[in-house]
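# Structural overview for review
The residues making up each chain are set out below.
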Amino acid sequence: MSEQGPNQLLKGVLLVIFAEAVLVATGVLIRTVAEALSVAQLVFLRNAFGLLIMLPLVLGAKGISLKTSRINLHLGRALVGVSAMSCLYYGWTHLPLGTAALLKQTAPLFMPLLALWFLKEKIHPILFWSLPIGFVGVALVLNPANAGLQLAVLIGLAGAVLGAQAKIFVRKMKDTEPSRRVVFYFSLFASLFSAPFALQGWVALGWFELAGVIGIAALSTLAQLSMTKAYHSAPAGYLGPFTYSSVIIASLVGWLLWDETLATLTIAGMGLIVLGGVMTLKAKA
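Residues numbered from 1 in each chain as written. Predicted model: local features only at pLDDT ≥ 70, side-chain atom pairs only at ≥ 80, totals over all residues. Heavy atoms only, no water.

## Focus: the overall build of the chain
- Scanning the chain from N- to C-terminus turns up twelve helices and zero strands.
- Going from N to C terminus, the chain has its helices and strands arranged as α-α-α-α-α-α-α-α-α-α-α-α.
- Since a compact globule built from 285 residues should have a radius of gyration of about 19 Å, the 18 Å found for the chain is in line with a globular shape.
- Principal-axis analysis of the C-alpha atoms gives the chain an extent of 45 × 45 × 35 Å. (Helix = DSSP H or I, 4+ residues; strand = E, 2+ residues; numbered from the N terminus. Rg over C-alpha atoms; globule rule 2.2 N^0.38 Å.)

## Examining the packing of aromatic side chains
- Counting across every chain of the model gives four aromatic pairs.
- When the centroid spacing of 6.1 Å and the interplanar angle of 70° are considered together, the rings of F44 and W202 count as edge-to-face. Here W202 lies in the loop between α8 (179–200) and α9 (207–233) and F44 lies in helix α2 (residues 39–59), a separation of 158 residues in the sequence.
- What makes W202 partly exposed here is its relative accessible area of 40%.
- The ring of W258 has R31 sitting right over it, with the charged end atom 4.4 Å from the ring centre. (Phe/Tyr/Trp six-rings, centres within 6.5 Å; stacked < 30°, edge-to-face > 60°. Buried < 20%, exposed > 50% of the residue type's maximum accessible area, 1.4 Å probe, protein only. Lys NZ or Arg CZ within 6 Å of the ring centre and 35° of its normal.)

## What to know about unusual backbone geometry
- In this model, D259 sits at a positive phi of 55°, which is unusual for a non-glycine residue.
- Looking at the secondary structure, you find D259 in the loop between α11 (245–258) and α12 (264–282).
- On the basis of relative accessibility, which here comes to 58%, the residue D259 falls in the exposed class.

## Regarding the pattern of salt bridges
- Throughout the structure, instances matching the rule amount to two salt bridges.
- Among the ionic pairs, E177 bridges to R181, the shortest N-O distance being 3.1 Å.
- On the accessibility criterion, E177 (7% relative accessible area) is buried. (Salt bridge = Lys/Arg side-chain N within 4 Å of Asp/Glu carboxyl O.)

## What about the nonpolar core?
- Formed by 55 residues in total, the largest nonpolar core has its most connected members in L42, Y89, W92, V153 and L157.
- Once residues within four sequence positions are removed from consideration, V153 is found in contact with L95, L103, V141 and L142.
- Of all hydrophobic cores here, the second largest spans nine residues; its members include V13, V16, A19 and M227. (Core = buried A, V, L, I, M, F, W, Y, C linked by side-chain atoms within 4.5 Å. Contact = heavy atoms within 4.5 Å.)

## A word on the confidence of the model for the chain
- With 90% of its residues at a pLDDT of 70 or more, the chain has an overall mean of 84.
- Across the chain, element-level confidence peaks in helix α3 (residues 71–94) with a mean pLDDT of 93 and bottoms out in helix α10 (residues 236–239) with 70. (pLDDT = per-residue confidence, 0-100.)

## Quick look at α11
- In this model α11 runs 20 Å from its N-terminal to its C-terminal C-alpha over 14 residues, within 8% of the 20 Å that 1.5 Å per residue would give.
- Where α11 ends, the next residue or the one after it, D259, has phi of about 55°, a positive value. (Expected span 1.5 Å × (residues − 1).)

## Regarding the environment of Q8
- Relative to the helices and strands, Q8 is located in helix α1 (residues 6–33).
- Excluding its chain neighbours within four sequence positions, the residues that come into contact with Q8 are S233 and A234.

## Quick word on a nonpolar patch on the surface
- A contiguous nonpolar patch, built from I248, L252, W255, L256, L257 and W258 and spanning about 660 Å² of accessible area, is present on the exposed surface.
- Tracing the backbone through its elements, the reader meets W255 in helix α11. (Patch = residues over 30% accessible without salt bridge, like charges linked within 9 Å, V, L, I, M, F, W, Y side chains within 5 Å. Areas by Shrake-Rupley, 256 points an atom, 1.4 Å probe, with all protein chains shown as cover.)

## Concerning the packing of α2 against α3
- The N-to-C vectors of α2 and α3 enclose an angle of 125°; their axes lie 10 Å apart at closest approach. The angle between α2 and α3 places the two elements in the oblique class. Relative to α3, the crossing made by α2 is right-handed. Contacts between α2 and α3 involve V39, L42, V43, R46 and N47 from the former and V82, M85, S86, Y89, Y90 and T93 from the latter.
- Classifying every residue of the contact of α2 with α3 gives seven nonpolar, three polar and one charged. (Axes fitted to C-alpha atoms, helices over the stretch in contact; angles between N-to-C directions. Parallel < 35°, antiparallel > 145°, perpendicular 65-115°, else oblique. Left-handed = near helix turned anticlockwise from the far one by under 90°. Nonpolar A, V, L, I, M, F, W, Y, C, P; charged D, E, K, R; others polar.)

## Overview of the environment of P196
- Within the secondary structure layout, P196 lies in helix α8.
- On the basis of relative accessibility, which here comes to 45%, the residue P196 falls in the partly exposed class.
- When the C-alpha atoms of P196 and T93 are compared, they prove to be 21 Å apart, with 103 residues separating the residues in sequence.

## A short note on the side chain of S130
- Mapped onto the fold, S130 is located in helix α6 (residues 127–142).
- For S130, the contacting residues outside a window of four places in its chain are L109, G276, M279 and T280.

## Thoughts on the environment of V16
- Tracing the chain through its elements places V16 in helix α1.
- Owing to a relative accessible area of 0%, V16 belongs among the buried residues under this scheme.
- Through-space distance from the C-alpha of V16 to that of A78 is 23 Å; in sequence the pair is 62 residues apart.
- Filtering out sequence-adjacent residues up to four positions away, V16 remains in contact with M227, A230, L239, F242 and T243.

Structure below.
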């Protein structure tokens, strides 16, 4: 297995839960600032400020060069990733907080199928059970009775699929590209890709919006770095189930801040998605 002792495993778990809590805080900020700014402008500003945050971390780091021979993979990852981010931001602003967090966590259900298609990886036997369980949960969360909610859920699911595809790109270049270089090029290219859409309906930022956008960029970068550190501390199969802590945190925060409640079918679907996702992650342990 691994050489990690109990302290390292605990460190990894705490870092994952911290990163997920930070992402929920980011979602709260996104929903708040989105009252004045469009999703497209938010996505651009998050990546632009993220790029400014990453510059000193990359340029000041010893042994990390920006020179790369995998620029095509960086471009592909950024295009898919910024699309996923746009869907995720839409979900944060149009869905109950817990549901938006849950949809982000459906990515593990799509990863094995994408890995089979793009990387020719074999399907683990447990996935023949876990994936149907997870997708039944998705069907319940879709809630056909609410057309408005259904559209937002579909966009959130599209974001999860695109997010899983972005991880395929990262997996393809993990042998040559350090994490800071990957995050830097993502911020750079995502800023360029999102700029034209942001400029179409650009709104001047007041002090409140500026502080919110800086907070979103800083918290997102902090979550990324914390998650990376977590997976250096403990095996992915061990830590994976703890990523679902964001669903609990987001549901509680949504209830406290906006008095959000979830339908019985949605809660049942959440349970099945978490069960299917945890089984899927355990298959990789």
